[in-house]
Amino acid sequence: MGQAEWVTVPISTRDSNGPLFFTEHEWATVEAATARIIPTDHHPGAREAGVVRFIDRMLAGTQFVFPAADGNGFLRMEGLEEKAWQERIESRRTFYREGIVELDGIATEKFGAPFVELDDDQQDTVLETISRKEKPATFAFADSDGQGSGGAPAGNQPVNEDFLEFFPLLVLNTRQGFYGDPVYGGNDNRVGWRVIGFPGPPSLAATMDGSYTTLDYMIPEAEWPYEQHPAVLRYGNR
């Protein structure tokens, strides 16, 4: 049975305000960690975007995997398709549950309190420890030279998250929840899109019925395969 034949269940990731998978403590811990990955400054951060809800709904089960094309619910998976997704989700659940325990363990060892009770600098120290990397330095975009030194226009950038450990998985999911379509539970009020000046589609349905396009953000002369076109490859050669 193809997706066109799947039943649409009229549910939303926002039907409930609280956690569906996480405990209250796990929710607060993940929310605090995402808020250090994309912190609030002069722009909203992961906390304001509701990234923790995105992650919680992703881990809650298979009911929030495929939104219906009209945006009015999610497709109900069955059979082998559902079983395969359940296995993927179960693996991620394990990473998160064990990762949260590790965060609290490091926090308690270093500062004598759970992660959520630490200040920003202490939380950063814990995240540096669990990631085994130093905190990234402050980054600022240089003035554009008009030659594309800011990076290539958008193309598909698939990342297989099934084999990521807890911290890189958390970072990836934080980005997804901040910049992804609000239908999945994050990007509240489209704050992630507004931060980067991207208006985004008015609804998920607009991405399916041809009324919305991203061509304005692409290189017009680049044809498929987009990432291999010379006009796009030049961005990687600087």
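In this report, the structure presented in the accompanying data block is examined. (Residues numbered from 1 in each chain as written. Predicted model: local features only at pLDDT ≥ 70, side-chain atom pairs only at ≥ 80, totals over all residues. Heavy atoms only, no water.)

Some remarks on the side chain of Thr34
- In this fold, Thr34 is placed in helix α1 (residues 24–37).
- Here Thr34 is in contact with Ala46, Val51, Ile55, Leu170 and Thr174, once residues within four sequence places are set aside. (Helix = DSSP H or I, 4+ residues; strand = E, 2+ residues; numbered from the N terminus. Contact = heavy atoms within 4.5 Å.)

What to know about unusual backbone geometry
- Look at Arg132: it is not a glycine, yet its phi comes out positive at around 60 degrees.
- Mapped onto the elements, Arg132 comes out in the loop between α5 (120–131) and α6 (166–179).
- The phi dihedral of Asn187 falls on the positive side, at around 50 degrees, and the residue is not glycine.
- Note on placement: Asn187 falls in the loop between α6 and α7 (191–195).

Observations regarding the packing of helix α4 (residues 79–111) against α6
- Axis separation between α4 and α6 bottoms out at 9 Å; the angle between their running directions is 110 degrees. Considering their axes alone, α4 and α6 lie roughly perpendicular with respect to each other. Packed against α4, whose contacting residues are Arg92, Phe95, Tyr96, Gly99, Ile100 and Leu103, the element α6 presents Phe166, Leu169, Leu170 and Asn173 at the interface.
- Of the residues belonging to the contact of α4 with α6, the class tally is seven nonpolar, two polar and one charged. (Axes fitted to C-alpha atoms, helices over the stretch in contact; angles between N-to-C directions. Parallel < 35°, antiparallel > 145°, perpendicular 65-115°, else oblique. Nonpolar A, V, L, I, M, F, W, Y, C, P; charged D, E, K, R; others polar.)

Things to note about the packing of aromatic side chains
- Evaluation of the coordinates by the stated rule reveals eight aromatic pairs.
- Taking 5.8 Å as the distance between ring centres and 55 degrees as the angle between the ring planes, the aromatic pair formed by Trp6 and Phe66 counts as tilted. Residue Trp6 is found in the segment before β1 (8–9), and its partner Phe66 is found in the loop between α3 (51–60) and β2 (74–75); the two are separated by 60 residues along the sequence.
- Exposure remark for Trp6: the relative accessible area of 10% places this residue in the buried category. (Phe/Tyr/Trp six-rings, centres within 6.5 Å; stacked < 30°, edge-to-face > 60°. Buried < 20%, exposed > 50% of the residue type's maximum accessible area, 1.4 Å probe, protein only.)

Details of the nonpolar core
- Membership of the largest hydrophobic core comes to 34 residues, with the highest contact counts inside it found for Phe22, Val30, Ile55, Tyr96, Leu103 and Phe115.
- It is α3 that contributes the most residues to this core, seven residues altogether.
- If sequence neighbours within four positions are ignored, Phe115 has contacts with Thr29, Ala32, Ala33, Leu103, Asp104, Ala107, Gln123, Val126 and Leu127.
- Within the second largest apolar cluster, seven residues are counted, among which are Trp6, Leu75, Trp85 and Ile89. (Core = buried A, V, L, I, M, F, W, Y, C linked by side-chain atoms within 4.5 Å.)

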